[in-house]
Amino acid sequence: MAVVSASIAPSRATRAVIGVTVGLVFAVPMVSTFLYTLRDGTGYSLVNWARVFDPANSRVLAPIWTGLTNSLVLAVVTVGLVLVLLAPTMILVNLRFPGLRRLFEFLVLLPISIPAIVLVVGLAPIYLVIGRSVGTGAWTLAFAYGITVLPFAFRSIQASIDAIDLLTLTEAARSLGASWPSVIGLVLVPNLRTGLLAASLISTAVVLGEFTIASLLNRAVLQTSLLVVSKIDTYASAIFTLLSLAFAFGLLIVIGRAGRFNTGTDRP
Amino acid sequence: MTAALDLQPEGTRVELRTIRKSFGEHVVLHGLDLDIAPGEFVSLLGPSGCGKTTALRVLAGLETADSGAVLFGGRDVSAVPVNHRDIGMVFQSYSLFPHLRVLDNVAFGLRRRKVAGGLAKQRAGVALDLVGLADFADRFPHQLSGGQQQRVALARALVTEPRVLLLDEPLSALDAKVRVSLRDEIRQIQLRLGITTVFVTHDQEEALAVSDRVAVMGAGQIEQIGTPEDLYLRPATALVAEFVGLSSRVAGVAIGAKAIVFGQEVPLREPIADGPVEVYLRPENLLLVGPNEPGVDAVVAESSFLGSFRRTLVRTADDTLVRVQHPATDTVSVGDRLRVSLAKVPVLARPAQLVP
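## Examining the layout of surface pockets
At step 1: Taken as a whole, the second largest pocket spans an internal volume of roughly 380 Å³.
At step 2: In this structure, the second largest pocket is lined by 14 residues; those nearest its centre are A:Arg96, A:Leu167, A:Glu171, B:Arg57 and B:Leu62.
At step 3: Broken down by secondary-structure element, the contributors of at least two residues to the lining of the second largest pocket are α4 (58-96) and α9 (166-175) of chain A.
At step 4: The biggest single contributor to the lining of the second largest pocket is α9(A), with four residues.
At step 5: When its residues are assigned to classes, the lining of the second largest pocket shows seven nonpolar, two polar and five charged.

Shown next as structure tokens:
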């Protein structure tokens, strides 16, 4: 086993080359953007950063705060949809209707192959109805985002489901007298938490980075407001781009850690 | 044991009445009837796909029968969901909750029955003691061996003092030595607690070793139910004769109360119409004899050393393969020529044309 993995694993040097190349691809635009935000006309300073967080400029930057708030609310509602609708449906399909797994997988992976702009064409008339029935608040975008995050959330949760013996754990809990809510809350969720956490974080990252749907449906979110502000203050827009990227990277690191946080293995 | 695990000493009667179960077009149980006395240990034994696990799952409430009834203590529980049937179940695959320590796993069923945390843990400790794992209470399941995990699963199933203990091939994933010791342990605990137990297995040795009665299943029905001795000595059907213990099927002719096999007369266990028959011979029904004694010439095809005895497969002059059990001191090698005779013990025979 060790021999096999040693022969197919890349050598230390190859890994270093891959690491540095990938690192550069990400680092060059970010470092360039960061240097750009430090420019003050004569040299480099933190004056642009100070200005962004200066209360005196709040009027110019108001769209960004509104967009950020809307995006965070959207992230919460979208994650709620993933946890309340997608996860229980996946558990149900895996336990009761395993024959439907392939069809279900096909359906939830579909959004990844549909460009956002095509999705909007279909969603626009639906949003007319939504606008009349539940209002035009930015949070209503969560219904659309709930669809766009499906493939990512599905893969994360399914990986966790595949890692445990869902059926046996469920039947064992039932045989011990557990009701369905107890089975889900006390047995399944704790054992699927890695996948649920990863699904939540990746959904948050997707929502914070989404531009097309929000823009075409005319809702103010972080990405659309960054565009608006960039036309007034390019430095502020660059600073917020950097901050949102840092936030997304932070989320990815948490997801990576969560993946390694296997059930029980880290405890004595 | 302590009061915490004193089950109802009278046990619970368990009945399956004409249970029919199908999956789509495929009928798995054809009107299965089974009556288990309070405190009895009954094994469901049979080849893969015979419906034994489905029968157990219907008993547990994990599957719903198409028709028929499940009765616990005379009460129809067919419509009672699994979590209210008051059963304890041990599964074939490891079923401990990976995120809970051993003690919390065992206390799980008690907590669902609203037993207070402290008392639940105390009773879980007693149950762990029963299976000899009191020192492992703080471990996580992945820190235990397969045998230990199944022991914990047994403690978890017993701690709620269920009316019925259901064991779904709990030993099949374990290695041979652990399997034997755990199976004996299960039987001892069952006898001590007097709990009605249904044990599903495809391993006849396992079933014969621990059961009060064994139900041999074939194609969705019980072929025969009886004590291990009954099944071994008086198999009712060809399937039972072949599945329980080793049997060699050889051609013979029935005449009156006897059959002629290999030119020798052997008494028949049950009378049968005169004519061609197939006779079931146990390895211990056959003897190795000297060259001039009555019997049939044979050539050794294979021979296994099994401790105090050997089991040797021989091909007779008429090209029939039979197994002979003989003392290990009679050493034989593949290709040896020898002579095989029949012991004068009653044998089971079936009309030749009816044997599949």
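## Focus: the sheet that holds strand β13 (residues 264-267) of chain B
All names here are of chain B.
At step 1: An order of β13-β12-β11-β14-β20 is seen for the five strands of this open sheet, with the pairing classed as antiparallel. Two strands lie at the open edges of the sheet, namely β13 and β20 (348-351), each paired on one side alone. Pairs of neighbouring strands in the sheet enclose a mean axial angle of 40°, with direction left out of account.
At step 2: Across three bridges, the pairing between strand β11 (residues 248-255) and strand β12 (residues 258-261) is antiparallel. Across the sheet, residue Ala 254 finds its bridge partner in β12, namely Ala 259.

## Remarks on the pattern of salt bridges
All names here are of chain B.
At step 1: For the structure shown, the criterion picks out 24 salt bridges over all chains.
At step 2: For Glu 169, the salt bridge goes to Lys 52, with nearest N and O atoms at 3.9 Å. With Glu 169 in the loop between β7 (164-168) and α5 (176-193) and Lys 52 in helix α1 (residues 52-60), the pair connects residues that are 117 residues apart, well separated along the chain.
At step 3: With a relative accessible area of 5%, Lys 52 lands in the buried category.
At step 4: For the salt bridge of Glu 63 with Arg 57, the shortest nitrogen-to-oxygen distance reads 3.1 Å.

## Regarding the nonpolar core
At step 1: Within the largest apolar cluster, 78 residues are counted, with the highest numbers of intra-cluster contacts made by A:Leu86, A:Leu141, A:Ile157, B:Phe97 and B:Leu166.
At step 2: Here this core gets nine residues from one element, more than from any other, and that element is α4(A).
At step 3: Beyond its immediate sequence surroundings of up to four residues, A:Leu141 is in contact with A:Leu74, A:Tyr127, A:Ile213, A:Ala214, A:Leu217, A:Arg219 and A:Val221.
At step 4: The next biggest cluster of nonpolar side chains, apart from the first, holds 37 residues, and it includes B:Leu110, B:Val115, B:Ala155 and B:Ile189.

## Description of the confidence of the model for chain A
Residue and element names in this part refer to chain A.
At step 1: For chain A, per-residue confidence averages 87 on the pLDDT scale, and residues scoring 70 or more make up 93% of the total.
At step 2: Per-residue pLDDT, averaged within each element of chain A, yields its smallest value for helix α1 (residues 2-8) (54) and its largest for α9 (95).
At step 3: Counted against residues more than four places away or in other chains, residues 1-5, with its pLDDT under 50, gives zero contacts.
At step 4: Every residue in residues 262-268 scores below 50 in pLDDT, and together they form 17 contacts with partners more than four places removed in sequence or on other chains.

## A short note on helix α2 (residues 12-38) of chain A
At step 1: Across its 27 residues, α2(A) extends 36 Å between first and last C-alpha, which sits within 8% of the 39 Å expected from 1.5 Å per residue.
At step 2: Of all bends in α2(A), the biggest is about 30°, found at A:Ala27, and the proline A:Pro29 comes one to four residues later.

## Topic: the sheet that holds strand β4 (residues 67-72) of chain B
Residue and element names in this part refer to chain B.
At step 1: Across the sheet, four strands lie side by side as β2-β1-β4-β5; this open sheet has antiparallel pairing. Two strands close off the open sheet at either side, each with one partner strand: β2 (26-36) and β5 (75-76).
At step 2: In this sheet, β2 lies alongside strand β1 (residues 14-23) in antiparallel orientation, the contact comprising seven bridges. The partner of Ile 19 across the bridge, within β2, is Leu 32.
At step 3: Here α1 sits on the sheet and contacts β1, β2 and β4; the angle it forms with β1, its principal contact strand, is near 115°.

## Side note on the packing of α9(A) against helix α10 (residues 180-209) of chain A
All names here are of chain A.
At step 1: Between α9 and α10, the least distance of the axes is 10 Å, while the angle of their chain directions is 140°. Viewed along their axes, α9 and α10 adopt a mutual orientation that is oblique. For the element pair α9 and α10, the recorded crossing hand is right-handed. Only Trp 180, Val 183, Val 187, Leu 188 and Asn 191 of α10 make contact with α9, whose side of the interface consists of Leu 166, Leu 169, Thr 170, Ala 173 and Arg 174.
At step 2: When grouped by side-chain class, the residues that make up the contact of α9 with α10 number seven nonpolar, two polar and one charged.

## Points about the side chain of B:Gln224
Residues and elements named next belong to chain B.
At step 1: Locating Gln 224 in the fold gives a position in strand β10 (residues 221-226).
At step 2: At 3.1 Å, the side chain of Gln 224 and the backbone oxygen of Arg 234 are in polar contact.
At step 3: Side-chain polar atoms of Gln 224 contact the backbone nitrogen of Ala 236, separated by 2.7 Å.
At step 4: Beyond its immediate stretch of four places on either side in the chain, Gln 224 contacts Val 214, Ala 215, Val 216, Asp 230, Leu 231, Arg 234, Pro 235, Ala 236 and Val 240.

Reading guide: rules and limits
- Residues numbered from 1 in each chain as written.
- Chains lettered and ligands numbered in written order.
- Predicted model: local features only at pLDDT ≥ 70, side-chain atom pairs only at ≥ 80, totals over all residues.
- Heavy atoms only, no water.
- 1 Å grid on protein atoms, 1.4 Å probe; cavity = no way out; pocket = protein on both sides within 12 Å on 5 of 7 lines; lining within 4 Å.
- Points joined across faces, edges and corners; volume = space filled by probe spheres on them.
- Helix = DSSP H or I, 4+ residues; strand = E, 2+ residues; numbered from the N terminus.
- Nonpolar A, V, L, I, M, F, W, Y, C, P; charged D, E, K, R; others polar.
- Pairing = 2+ DSSP bridges.
- Axes fitted to C-alpha atoms, helices over the stretch in contact; angles between N-to-C directions.
- Salt bridge = Lys/Arg side-chain N within 4 Å of Asp/Glu carboxyl O.
- Buried < 20%, exposed > 50% of the residue type's maximum accessible area, 1.4 Å probe, protein only.
- Core = buried A, V, L, I, M, F, W, Y, C linked by side-chain atoms within 4.5 Å.
- Contact = heavy atoms within 4.5 Å.
- pLDDT = per-residue confidence, 0-100.
- Expected span 1.5 Å × (residues − 1).
- Bend = angle between axes of the 7 residues up to and from the residue.
- Parallel < 35°, antiparallel > 145°, perpendicular 65-115°, else oblique.
- Left-handed = near helix turned anticlockwise from the far one by under 90°.
- Polar contact = N/O pair within 3.5 Å; in protein donor to acceptor, adjacent residues only side chain to side chain.

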